[in-house]
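Residue strings, one per chain:
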2 protein chains.
Amino acid sequence: MADKKLMGVDLGGTTCKFAILTEDGEIQQRWSIDTNILDEGSHIIPDIIASIQDHLKLYNMTAADFDGIGMGTPGTVDPAQGTVIGAYNLNWKTMQYPKREIEAATGIPFAIDNDVNVAAMGEQWKGAGDKSDNVTLVALGTGIGAGIVSDGILLHGVAGSAGEVGHVTVEPNGYMCTCGKRGCLETVASATGIVHVARDMAEEYAGDSKLKQILDDGDDISSKIVFDCAQAGDKLALMIVDKVCYYLGLGLGNLGNILNPEYLLIGGGVSAAGDFLLTRVQKYFDQFTFPNVRNTTHLRLATLGNTAGVVGAASLARP
Amino acid sequence: MADKKLMGVDLGGTTCKFAILTEDGEIQQRWSIDTNILDEGSHIIPDIIASIQDHLKLYNMTAADFDGIGMGTPGTVDPAQGTVIGAYNLNWKTMQYPKREIEAATGIPFAIDNDVNVAAMGEQWKGAGDKSDNVTLVALGTGIGAGIVSDGILLHGVAGSAGEVGHVTVEPNGYMCTCGKRGCLETVASATGIVHVARDMAEEYAGDSKLKQILDDGDDISSKIVFDCAQAGDKLALMIVDKVCYYLGLGLGNLGNILNPEYLLIGGGVSAAGDFLLTRVQKYFDQFTFPNVRNTTHLRLATLGNTAGVVGAASLARP
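Residues numbered from 1 in each chain as written. Chains lettered and ligands numbered in written order. Predicted model: local features only at pLDDT ≥ 70, side-chain atom pairs only at ≥ 80, totals over all residues. Heavy atoms only, no water.

As annotated in an unreviewed UniProt entry, chain A is Glucokinase from Lacticaseibacillus camelliae DSM 22697 = JCM 13995. Taken verbatim from the UniProt record of chain A, the Sequence similarities (unreviewed entry) comment is "Belongs to the ROK (NagC/XylR) family." (UniProt positions renumbered as here; feature names shortened; annotations may be inferred.)

Here is the structure:
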């Protein structure tokens, strides 16, 4: 059938987004439900199944209308088994079986991968990755993760830890990370890492600075406030952004030297700083990359934003 | 046919090695010829063809006896096109067409990739990689290169620079590299890089040391001499080896954090230092890796040595 559909499910800690897409990746329907993480997350899969069934009825569709359902989820995913474990923001501490349960209830083939891998697939297919066989998405959020499509396939590594770019060491004697080692990229360049760098640099800074004033007043800051101050010309904030971009250029440069993707995409909340961030990371990326990588690996901002998840999830279900 | 054969060709700057293997990778015949790089390397492919034809006659074999011929070569390889450019130790400065020429002359399907990729395939298939889908070989020689098999496929990246681990930045303000940037892993951990580190550390060293004595006498040293002195307990040499292993642990640790291979193999001339090297790299690898990578990515010495090239090349020709 030429007009079969794909369903993408983007499961997060607060909401679960759904979309029905054409095989070309055009979104035709979107909806979302709250994620109910009570009772060890035991309501999540039943709620997803009920919502899918409700919407199939609403749109007058059946299992036969779909190539499949794809889902992105936090936690450690076994794509072959269709299982998830250790998704703490879902309260999923024990092994979960979304593939088995959703296929049994809907009769539609189901595929699953972790959220950042799925977002990378979305950007590769319909976003800034331009359908290249070599796309890496680095998501700068509370932490830092990456999804890697290399030579046409999504990489997982032997135990699902391919793409742990947030834990690449960029400062051997740097800040202690939640992972137990020091100097991880996410200790200095995630949203929380940027605030840490900002507080430390503010303490040493003697000049005039609105950012320092906010901190001295005892108010909270965020990575967004740091970037906003920098864009307004605040000297301390500019120094902080420069340091953050140095570490991002070093970490992403080394990822480039190892993988030589065509597009190395920066996404996640911190990437809202846009070209102001990108041009500064580019400077250090150029400094830390091998010439052939510098010339052929292109840094870009991710473009799909909130829909990368459902689009990439749907891409897992392509025939 | 159950008993078809594979041919592997390992083209190097001084010799070209050949082997005929079973489909299971057992070597049945081996020979080699000198590589004649005169006249811009224009004799190389004709010499290879003549040697193949001679040996087929000698062994009373025909094209029909082979699944294919695989070849590893220096330079920048386009595996799909079967072309090579920029193999300077072969005097191949312009585009070369080994696939087209060897297939036309022998009637046997031909596949090609670069030498370190091919060696990684060899180790993955018949060496320390134990047929895992996730094996990276890091070859420590005059320079440092890596071949990466991830999720079952050999990675190339968009422009063939996947695996440029020798140019991962491990010391942002470090030594200038031949590639034009500073602090590349190969400036401190290749055979030549180790000598550079040794000379600099010897200059600052005031204690008693046989290694320092050799240098003070104006004699040349090699990475082998550094490791030999260290194994004999020379304090300066031990400090040098510790520094080299620190950088290797940092560079390989970051490769592990990005790719999570099951086996991360150390090969090349420098790896002759064996377990003495491996245990010291392991210490720093453990320091610089994310816990799940530390637990699931295993550092090992490569085991095939000189035959990794022909075995891996033959693997490219598997049906």
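*Asks:* Would you mind showing me how to read the interface of chain B and chain A here?
*Replies:* The parts lose accessible area when they come together, and the size of an interface is often stated as this lost area. Across the boundary between the two partners, chain B contributes 41 residues, which contact 41 residues of chain A. Across the chain B to chain A interface the summed buried area is about 3,300 Å²; carbon plus sulfur atoms make up 63%. Among the residues chain B hides against chain A, the three largest losses belong to B:Val158, B:Ile258 and B:Phe290. Together they make up 20% of the total. Connecting chain B to chain A are zero salt bridges. Inspection of the region where chain B meets chain A yields 20 residue pairs in polar contact (both at pLDDT 80 or more). (Contact = heavy atoms within 4.5 Å. Buried area = accessible area lost by both parts, 1.4 Å probe. Salt bridge = Lys/Arg side-chain N within 4 Å of Asp/Glu carboxyl O. Polar contact = N/O pair within 3.5 Å; in protein donor to acceptor, adjacent residues only side chain to side chain.)

*Asks:* How should I be thinking about the environment of A:Thr62 in this particular structure?
*Replies:* Residues and elements named next belong to chain A. Within the element layout of this structure, Thr-62 appears in the loop between helix 2 (44–58) and strand 4 (66–73). Residue Thr-62 is classed as partly exposed on the basis of its relative accessible area of 45%. Taking the C-alpha atoms as reference points, Thr-62 and Lys-283, 221 residues apart in sequence, are found 52 Å from one another. (Helix = DSSP H or I, 4+ residues; strand = E, 2+ residues; numbered from the N terminus. Buried < 20%, exposed > 50% of the residue type's maximum accessible area, 1.4 Å probe, protein only.)

*Asks:* In this structure, what is going on with the nonpolar core? I would like to understand it.
*Replies:* Note that soluble globular proteins tend to have their nonpolar side chains buried in a common cluster. Ranked by size, the top nonpolar core spans 106 residues in total, and within it A:Leu277 and B:Leu277 carry the most contacts. Not counting residues within four places of it along the chain, the set of residues in contact with A:Leu277 comprises A:Leu140, A:Phe227, A:Cys245, A:Leu248, A:Ile266, A:Val270 and A:Ser271. (Core = buried A, V, L, I, M, F, W, Y, C linked by side-chain atoms within 4.5 Å.)

*Asks:* Help me out: how do you make sense of the packing of helix 9 (residues 235–259) of chain A against helix 10 (residues 274–287) of chain A in this one?
*Replies:* For any two helices packed against each other, one specifies the inter-axial angle together with the distance between the axes. Residues and elements named next belong to chain A. As a packed pair, helix 9 and helix 10 sit with axes 7 Å apart at the nearest point and diverge in direction by 55°. Taken together, helix 9 and helix 10 sit at an angle that is classed as oblique. Between helix 9 and helix 10 lies a crossing of right-handed hand. Side by side, helix 9 and helix 10 meet where Leu-238, Val-241, Asp-242, Cys-245, Tyr-246, Leu-248, Gly-249, Leu-252 and Gly-253 of the first sit next to Phe-276, Leu-277, Arg-280, Val-281, Lys-283, Tyr-284 and Phe-285 of the second. A class-by-class count of the residues in the contact of helix 9 with helix 10 yields eleven nonpolar, two polar and three charged. (Axes fitted to C-alpha atoms, helices over the stretch in contact; angles between N-to-C directions. Parallel < 35°, antiparallel > 145°, perpendicular 65-115°, else oblique. Left-handed = near helix turned anticlockwise from the far one by under 90°. Nonpolar A, V, L, I, M, F, W, Y, C, P; charged D, E, K, R; others polar.)

*Asks:* Whenever I open this one, the sheet that holds strand 4 of chain A confuses me. Can you help?
*Replies:* Either a parallel or an antiparallel arrangement is found when strands of a sheet pair, and the pairing is made through backbone hydrogen bonds. All names here are of chain A. One open sheet holds the five strands; their spatial order is 3-2-1-4-7, and the pairing between them is mixed. A single partner strand is all that each edge strand has here, and the edge strands are strand 3 (27–34) and strand 7 (110–114). Taking each pair of neighbouring strands and ignoring which way they run, the sheet shows an average axis angle of 15°. Where strand 2 (residues 15–22) meets strand 3, seven bridges bridge the pair, whose relative direction is antiparallel. Bridge pairing in strand 3 links Cys-16 to Ile-33. Taken strand by strand, helix 2 contacts strand 1 (5–11), strand 2, strand 3 and strand 4, and its axis lies near 140° from that of strand 3. On top of the sheet, helix 3 (residues 98–106) reaches strand 4 and strand 7; it is set at about 150° to strand 7, its chief contact. (Pairing = 2+ DSSP bridges.)

*Asks:* How do you make sense of the relation of the copies chain B and chain A when you look at a structure like this?
*Replies:* Here the two chain copies are tied together by a rotation about an axis and a shift along that axis. Least-squares fitting of chain B to chain A yields an RMSD of 0.0 Å, with the transformation described by 0.0 Å of translation along the axis and a rotation of 180°. Accordingly, the operation relating the two chain copies is best matched by a two-fold axis. (Least-squares fit on C-alpha atoms with pLDDT ≥ 70 in both.)

*Asks:* Can you walk me through the pairing of strand 1 of chain A in this structure?
*Replies:* Note on strand geometry: in a regular strand, side chains alternate between the two faces of the sheet. All names here are of chain A. When you tally the buried positions in strand 1, you get seven out of seven residues, the bulk of the element. Residues of strand 1 alternate between two faces, with Lys-5, Met-7, Val-9 and Leu-11 on one and Leu-6, Gly-8 and Asp-10 on the opposite face, all of them buried. Both strand 1 and strand 4 contribute to a ladder of six bridges, which runs parallel. Across the sheet, the residue bridging to Gly-8 is Gly-70, located in strand 4. Bridge analysis of strand 1 against strand 2 gives seven bridges, and the strand direction is antiparallel. The residue of strand 2 that forms the bridge with Lys-5 is Thr-22.

*Asks:* What should I look at first to understand the domain arrangement of chain A in this one?
*Replies:* Residues and elements named next belong to chain A. When the domains of chain A are assigned, the result is domain 1 (5–122 + 307–315) and domain 2 (131–303). Centre-to-centre, using C-alpha coordinates, domain 1 lies 29 Å away from domain 2. Residue-level contacts link seven residues of domain 1 with ten residues of domain 2. Summed over both partners, the interface of domain 1 with domain 2 comes to about 700 Å²; 70% of that surface belongs to carbon and sulfur atoms. The largest share of the area that domain 1 buries against domain 2 comes from Val-116, Asn-117 and Ala-120, three residues that together contribute 59% of it. There are zero salt bridges connecting domain 1 and domain 2. (Domains from an automatic or database assignment.)

*Asks:* Please explain the sheet that holds strand 7 (residues 110–114) of chain B as it appears in this structure.
*Replies:* Residue and element names in this part refer to chain B. The strand order across the open sheet built from five strands is 3-2-1-4-7, with neighbouring strands paired in mixed fashion. With one partner strand each, in any of the chains shown, strand 3 (27–34) and strand 7 form the two edges of the open sheet. Pairwise comparison of adjacent strand axes, ignoring direction, gives a mean angle of 15° for this sheet. Relative to strand 7, strand 4 (residues 66–73) runs parallel, the two sharing five bridges. Looking across to strand 7, one finds that Met-71 is bridged to Ile-112. Contacts from helix 2 (residues 44–58) reach strand 1 (5–11), strand 2 (15–22), strand 3 and strand 4 within the one sheet, and its direction differs from that of strand 3 by about 140°. Contacting strand 1, strand 2, strand 4 and strand 7, helix 4 (residues 115–126) runs over the sheet at an angle of about 105° to strand 7.

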